[in-house]
Amino acid sequence: MEFKGATLLYTLATLMVTFVGFSALLYVVRQAAGARLSLLDRFIAKTVMTYTFVLTAAALLPALLALFDIEENVIWRVSGVLFGFPMLALQATY
């Protein structure tokens with residue numbers, strides 16, 4: 001079952017995973033060049049990767065719920081709630 005906005009969410013998930021991959025690659029290249037990673041660098045890398053993977057999962061969640069033949073308005077509401085709790089936890093512990 002295809003739902004409205006699925007193509008956009010797939011594209012966003014692809015872009016986010018690509019962004020995380022290049023971010024990690026830049027940190028590895030920087031470290032291989034001889035620069036040590038500071039605690040701030042490690043914190044930024046961990047934070048960016050964590051947030052991006054949560055956002056990627058949130059972008060793919062409506063497609064997962066659509067596999068169960070749920071109504072479209074219920075898909076968006078459940079996806080919003082299931083995305084909101086982890087993001088709220090991340091924001092509260094930031």
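Given the structure is predicted, the values throughout are model-derived calculations rather than measurements. (Residues numbered from 1 in each chain as written. Predicted model: local features only at pLDDT ≥ 70, side-chain atom pairs only at ≥ 80, totals over all residues. Heavy atoms only, no water.)

### Some thoughts on the packing of helix α1 (residues 6-32) against helix α2 (residues 39-66)
Interaxial distance between α1 and α2 falls to 9 Å at its minimum, and their mutual angle equals 160 degrees. The orientation of α1 with respect to α2, classified from their angle, is roughly antiparallel. Seen from above, α1 lies across α2 with left-handed handedness. Looking at the contact of α1 with α2 residue by residue, the classes come out as 19 nonpolar, two polar and two charged. (Axes fitted to C-alpha atoms, helices over the stretch in contact; angles between N-to-C directions. Helix = DSSP H or I, 4+ residues; strand = E, 2+ residues; numbered from the N terminus. Parallel < 35°, antiparallel > 145°, perpendicular 65-115°, else oblique. Left-handed = near helix turned anticlockwise from the far one by under 90°. Nonpolar A, V, L, I, M, F, W, Y, C, P; charged D, E, K, R; others polar.)

### Focus: the environment of Val78
Its place among the elements puts Val78 in helix α3 (residues 72-93). What makes Val78 partly exposed here is its relative accessible area of 33%. (Buried < 20%, exposed > 50% of the residue type's maximum accessible area, 1.4 Å probe, protein only.)

### Here's the deal with the environment of Ala24
Along the polypeptide, Ala24 turns up in helix α1. A residue is classified by how much of its surface remains accessible, and Ala24, at 24% relative accessible area, is partly exposed. Residues Ala24 and Tyr10, spaced 14 residues apart in sequence, show a C-alpha to C-alpha distance of 21 Å.

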